[in-house]
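Commentary on secondary and tertiary structure
This is what each chain is made of:
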Amino acid sequence: MGYQSEGLTATPSPAGTLPLTYRGRFAPSPTGPLHLGNARTALLAWLAARSARGALVMRVEDLDPPRVRPGLEARILDELRWLGLGWDEGPDLGGGAGPYRQSERGGRYQAALDRLQQAGLAYPCFCSRAEIAAASRAPHGPADDGPRYPGTCRELTAAEVARRSGTRPPAWRLRVEPGAVCFDDAVRGPCRFEPAVATGDFVVMRADGVAAYQLAVVVDDGAMGITEVVRGDDLLPSTARQLLLYAALGLPAPRFAHVPLVVGEDGERLAKRHRALSLSELREAGVAPGAVVGLLAASCGLAPAGTRCGAEELVEGFDWDRVRPGPAQLPPALLAGLLPGG
Ligand code: GLU
């Protein structure tokens, strides 16, 4: 199982054949509180790693400083531990693959950009578009990606680049050639995307020198030896772009498991407006972690409704085939049942 894109080849590990040493990761962004959807993804990432007797890396994705909320990193780490979801390496524990905060890894992203530039795979872009500013955030839907880039700066002459660089520094884009990117997702099965049609040449570095999410996540997952990426399935289209970057940088690609999202009553992906579903609020209301873990496990099809359990009780027999693939709705009435007296 591989994928094709002109001049680039790479071979993600096929589903079902995990490497001997499993390395998974948590990659929270300290820009918003953890909600039950994030916790559900974290539970599954933890179960996948523990059932494979592998290691889990905590990487804090604080790429875009103005969006980072002070104190949130500590709170997120504390809440995951409260749920019983620990890790083996991270900003608080150290480890051989650090640093574990993206804000401290800028040199690595620049080095990767240098390689792409030397290979002629990245080009400077002087367009000022909202999409460039947003590139350091993980795109959680088509609106975050914006329209397909029309290639305005793709063929600028060296003289034109020199002239424009005198006015302001450029952003950098990866050249995306036509072709399909295919991979086998552990949850979703065979996936096929055409990044050249969907997004076109995408931003890898902003003009202010902040790496784009797509570049940072590939550099980090590669350098940290991650063998399986577990995350929300709103990032599925990003995987195609990331596979192009793995190939362009000569890095082996991990396996991917995209987990269905938790949606609110309105059918929308959980977001800040569903405040009642934040982990902090449930915790402050006196909800026991076992009740939250049980609810999340039931929503995945891993335990009967009404279960209260520790995460470790779910490790034995965990398998992606047992995870229900559709979006999970956690109705407020069910949540209310968690609350004391509810
Ligand atoms: N930090 C990203 C987010 O919280 C997740 C990125 C990933 O898992 O690749 O949205």
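The structure this text deals with has already been given above.
In this report, we go over the structure that sits alongside the text.

Parameters at a glance
- Residues numbered from 1 in each chain as written.
- Predicted model: local features only at pLDDT ≥ 70, side-chain atom pairs only at ≥ 80, totals over all residues.
- Heavy atoms only, no water.
- Buried < 20%, exposed > 50% of the residue type's maximum accessible area, 1.4 Å probe, protein only.
- Helix = DSSP H or I, 4+ residues; strand = E, 2+ residues; numbered from the N terminus.
- Contact = heavy atoms within 4.5 Å.
- Pairing = 2+ DSSP bridges.
- Axes fitted to C-alpha atoms, helices over the stretch in contact; angles between N-to-C directions.
- Near = heavy atom within 4 Å.
- Polar contact = N/O pair within 3.5 Å; in protein donor to acceptor, adjacent residues only side chain to side chain.
- Areas by Shrake-Rupley, 256 points an atom, 1.4 Å probe, with all protein chains shown as cover.
- Nonpolar A, V, L, I, M, F, W, Y, C, P; charged D, E, K, R; others polar.
- Core = buried A, V, L, I, M, F, W, Y, C linked by side-chain atoms within 4.5 Å.
- Disulfide = S-S within 2.5 Å.
- Phe/Tyr/Trp six-rings, centres within 6.5 Å; stacked < 30°, edge-to-face > 60°.
- Lys NZ or Arg CZ within 6 Å of the ring centre and 35° of its normal.
- Salt bridge = Lys/Arg side-chain N within 4 Å of Asp/Glu carboxyl O.

1. Comments concerning helix α8 (residues 213-223)
Burial within α8 is extensive, with nine of its 11 residues counted as buried. Taken together, the buried positions of α8 are Tyr213, Gln214, Leu215, Ala216, Val217, Val218, Val219, Asp220 and Asp221. Looking at the packing, one finds that the buried side of α8 touches β3 (23-26), α3 (106-118), β9 (202-205), β10 (228-232) and α9 (236-249). A positive backbone phi angle near 65° is found at Gly225, which sits one or two residues after α8.

2. Here's the deal with unusual backbone geometry
Between Gly98 and Pro99 the backbone carries a cis peptide bond, its omega angle lying at -5°. Relative to the helices and strands, Pro99 resides in the loop between α2 (72-82) and α3. Look at Arg53: it is not a glycine, yet its phi comes out positive at around 50°. By secondary structure assignment, the location of Arg53 is in the loop between α1 (36-51) and β4 (55-58).

3. Describing the environment of Ala42
Its location among the elements puts Ala42 in helix α1. Between the C-alpha atoms of Ala42 and Arg25, which are 17 residues apart in sequence, the distance is 8.9 Å. Discounting chain neighbours no more than four positions away, the residues touching Ala42 are Phe26, Leu80 and Leu85.

4. Quick look at the sheet that holds strand β6 (residues 171-174)
The three strands are arranged β5-β6-β9 in an open sheet whose pairing can be described as antiparallel. Each edge of the sheet is formed by a strand with only one pairing partner; in this case those strands are β5 (122-125) and β9. Strand-to-strand twist across the sheet, computed as the mean angle between neighbouring axes with direction ignored, equals 45°. The pairing of β5 with β6 spans four bridges and is antiparallel. Along β6, the bridge assignment pairs Cys125 with Ala171.

5. Considerations on the side chain of Thr41
In this structure, Thr41 sits in helix α1. Contacts of Thr41, omitting those with residues within four sequence positions, involve Val230, Arg231, Gly232 and Val259.

6. Looking at the site of the ligand
Neighbouring the ligand are Arg25, Ala27, Ser29, Glu61, Ala138, His140, Tyr213, Val217, Arg231 and Leu235. Ala27 has a polar backbone atom sitting 2.8 Å from a nitrogen atom of the ligand. Between the ligand and Arg231, the relevant distance is 2.9 Å, taken from an oxygen atom to a side-chain nitrogen or oxygen of the residue. Protein chains shield 86% of the accessible area of the ligand, which is 300 Å² for the free molecule. Here the shell around the ligand is built from residues that sort into five nonpolar, two polar and three charged.

7. A look at the nonpolar core
If you look at the biggest cluster of nonpolar residues, it comprises 49 residues, and the most contacted ones within it are Phe26, Leu44, Leu80, Leu85, Val230 and Trp320. Top contributing element to this core by residue count: α1, with 10 residues. Dropping the residues within four chain positions of it, Leu80 is found in contact with Phe26, Leu34, Ala42, Met58, Leu85 and Trp87. Within the second largest apolar cluster, 41 residues are counted, among which are Leu116, Phe183, Val204 and Leu236.

8. What to know about the state of the cysteines
With the rule as written, the count across this model stands at zero disulfides. Not engaged in a disulfide, the cysteine Cys127 finds its nearest cysteine sulfur in Cys153; these two sulfurs lie 3.6 Å apart. We classify Cys127 as buried; its relative accessible area is 16%.

9. Considerations on the packing of aromatic side chains
If you walk through the whole model with that rule in mind, you get four aromatic pairs. Taking the centre distance of 6.1 Å and the plane angle of 15° together, the rings of Phe183 and Phe193 count as stacked. One end of the pair, Phe183, is in strand β7 (residues 181-185); the other, Phe193, is in strand β8 (residues 189-193), and 10 residues separate them in sequence. You can call Phe183 buried: its relative accessible area is 1%. By relative accessible area, Phe193 is classed as partly exposed at 22%. Taken together, the ring pairs connect Phe183, Phe193 and Phe256 into an aromatic cluster. Over the ring of Tyr149 we find Arg173, and its NZ or CZ is 3.4 Å from the ring centre.

10. Some remarks on the pattern of salt bridges
Scanning all chains against the criterion turns up 22 salt bridges. One salt bridge connects Arg81 with Asp92, and the closest N-O pair in it is separated by 2.7 Å. You can see Arg81 sitting in helix α2 and its partner Asp92 sitting in the loop between α2 and α3, a full 11 residues away along the chain. Under the relative-accessibility criterion, Arg81 is labelled partly exposed at 39%. By relative accessible area, which is 39% here, Asp92 ends up partly exposed. Between Arg241 and Asp145 there is a salt bridge, with its nearest N and O atoms 2.8 Å apart. Separated by 96 residues along the polypeptide, Arg241 in helix α9 and Asp145 in helix α5 (residues 142-145) bring together distant segments of the chain. Relative accessible area serves as the criterion here: at 5%, Arg241 is assigned to the buried category.

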